[in-house]
Amino acid sequence: MTHRYISYIYPEALIVMAVISSFNKTLILLALLLATFTTLTQGQQTRVSSQASTRVGFYRSTCPRAESIIQSAVQSAVDTNPTIAPGLLRMFFHDCFVNGCDASILIEGGTTEKAAGPNSLLRGFEVIDAAKTELETACPGVVSCADIVALAARDSVVLTGGRSWQVPLGRRDGLVSEGNDTANLPAFNDPMDVQIRKFSDKGLNIQDLVTLVGAHTIGTSACAFISYRLYNFNNTANATDPDLNPAFIPQLQALCPNGGDPLTRVALDTGSEGSFGNSFYDNLRNGRGVIESDAKLWSDRRTQRFVQPFVGSGQSGSRFNSEFGRAMVKLGNTELKTGSQGEIRRVCTAIN
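Residues numbered from 1 in each chain as written. Predicted model: local features only at pLDDT ≥ 70, side-chain atom pairs only at ≥ 80, totals over all residues. Heavy atoms only, no water.

### Some points on the confidence of the model for the protein
Stated precisely, the cut-off is as follows: pLDDT expresses, on a scale from 0 to 100, how confident the predictor is about each individual residue. Contact criterion: two residues are considered in contact whenever any of their non-hydrogen atoms come within 4.5 Å of each other.
Here the protein averages 88 in pLDDT, while 85% of its residues score no lower than 70. Low confidence marks residues 1-51, where pLDDT is under 50. Its contacts with residues over four positions away, or in another chain, come to one contact.

### A word on helix α11 (residues 292-299)
For the α-helix, the turn length of 3.6 residues means that residues three or four positions removed from each other point alike. Short version of the rule: A 1.4 Å probe rolled over the protein chains alone gives each residue an accessible area, and that area as a share of the maximum for its type sets the label: buried under 20%, exposed over 50%, partly exposed in between. Numbering goes from the N terminus for both helices and strands, where a helix is a DSSP run of H or I of at least four residues and a strand is a run of E of at least two.
Most of α11 sits inside the fold, with six of its eight residues counted as buried. Among the residues making up α11, those that are buried are Glu292, Ser293, Asp294, Ala295, Leu297 and Trp298. In this fold, the buried residues of α11 make contact with α7 (192-200), α8 (206-213), α10 (279-285) and α12 (301-307).

### What about the state of the cysteines?
Disulfides are covalent bonds that link the sulfur atoms of two cysteine residues. What counts here: We call a pair of cysteine sulfur atoms a disulfide when they lie within 2.5 Å.
Here the structure, examined in full by the defined rule, presents four disulfides. There is a disulfide in this structure between Cys145 and Cys348, and the S-S distance comes to 2.1 Å. Because the torsion about its S-S bond is -95°, the bridge between Cys145 and Cys348 counts as left-handed. Taken as a pair, Cys145 in helix α6 (residues 145-159) and Cys348 in the segment after α13 (316-332) lie far apart in primary sequence, 203 residues in all. Assessed through its relative accessible area of 0%, Cys145 is described here as buried. Covalent S-S linkage joins Cys223 and Cys256, the inter-sulfur distance amounting to 2.0 Å. For the disulfide bridge between Cys223 and Cys256, the dihedral angle about the S-S bond is near -80°, and by the sign convention the bridge is left-handed. Linking Cys223 in the loop between β1 (220-222) and α9 (249-255) with Cys256 in the loop between α9 and β2 (265-267), this pair joins segments that are 33 residues apart in sequence. Here the protein pairs its bonded cysteines, counted in sequence order, in the arrangement 1-4, 2-3, 5-8, 6-7.

### Concerning the pattern of salt bridges
Using the following cut-off: A pairing counts as a salt bridge when a side-chain nitrogen of Lys or Arg comes within 4 Å of a carboxyl oxygen of Asp or Glu.
Per the stated rule, a full pass over the model turns up 16 salt bridges. A salt bridge links Asp208 to Lys330; its shortest N-O distance comes to 2.7 Å. Of the two residues, Asp208 is situated in helix α8 and Lys330 in helix α13; the sequence distance between them amounts to 122 residues. One salt bridge in this structure joins Lys296 and Asp243, with 3.1 Å as the shortest N-O distance. Taken together, the positions of Lys296 in helix α11 and Asp243 in the loop between β1 and α9 put the pair 53 residues apart, joining distant regions of the chain. Look at Lys296 and you get partly exposed, because its relative accessible area is 24%. When salt bridges that share partners are traced, they join Asp208, Glu323, Arg326 and Lys330 into one network.

### Considerations on the packing of aromatic side chains
The condition is simple: Each Phe, Tyr or Trp ring, with Trp reduced to its six-membered ring, pairs with another whose centre is within 6.5 Å; inter-plane angles below 30 degrees give stacked pairs, above 60 give edge-to-face pairs, and intermediate values give tilted ones.
Summed over the entire model, instances satisfying the criterion amount to 14 aromatic pairs. Between Phe188 and Tyr228 the ring centres are 5.9 Å apart and the planes differ by 65°, which places this aromatic pair in the edge-to-face class. Pair noted here: Phe188 is in the loop between α6 and α7 and Tyr228 is in the loop between β1 and α9, with a separation of 40 residues, a long-range link. Judged by its relative accessible area of 27%, Tyr228 falls in the partly exposed class. Arranged with centres 5.5 Å apart and planes meeting at 65°, the rings of Phe310 and Phe320 form a pair that is edge-to-face. Taken as a pair, Phe310 in the loop between α12 and α13 and Phe320 in helix α13 lie far apart in primary sequence, 10 residues in all. In this structure, Phe310 and Phe320 share a single accessibility class: buried.

Have a look at this one:
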């Protein structure tokens, strides 16, 4: 009787208990969902932070004159010595290809990147130092050496006739510089497979490769990186590199005689080494690529199709200028150090 009494007298209580139990389960489920959402949100914030990028106008409020100070230093140097322009442009490439665009190439020391063979002929370091000195007077501890290198590269292009582009800023300076790491740099005799791989390792595609190598429209190379194409190529007696136009070979041989001075400089873009433009690609098409890796851009079908739009007059030059700025921004965001990573060096040649 008792069991029947309880069973029949309190059906509402049983319902209430069931509702309470269900409500408690709902609360627990909501709590778990909230905790999961919070964790995911925190994780997303962490990922966003770790992927923080540069931005245009980074120093607008903290150092408004930063870009003009750097531009003035570059212009003064190039006016005095025009070969500084291609040197500063190469410096940016060599910096970005080794552990990212972090000014590690500027650090002095016997085993640093700056002392490594591939960087031994770079020029323009004193321009970066001059700009940094003035920036430290105007805005102490604000502008990174990495951003100075990036802006100096852009300004060098503009001063030699190329089109300007907006440079996203906010890089921080690296804390490591090892000469052994320069093996990552593209080399003058890299086969195309190796060139593509090295650029791909930095998040750059074949179109980026072809566009960025167009930096060789200004500047020179040394006979040490050219002569082997002119005499006994591939250890074959009297052979020359078949990628070279036969009519161009005597001109190169006159500049780089067999057994001559390996440091003699030769224009990478024949007839236009001081003017930034698409004539470099015209020379590639005509078999006048001075270094082997450049010549391969035309002889290899994978890259030739990206060279072709830059060849000739009309819109080709404008197209190259536009693409070059785009590709430089992409290169400049390679393996970024931002936020709390790295540091802002007081002097560019040494870690704080």
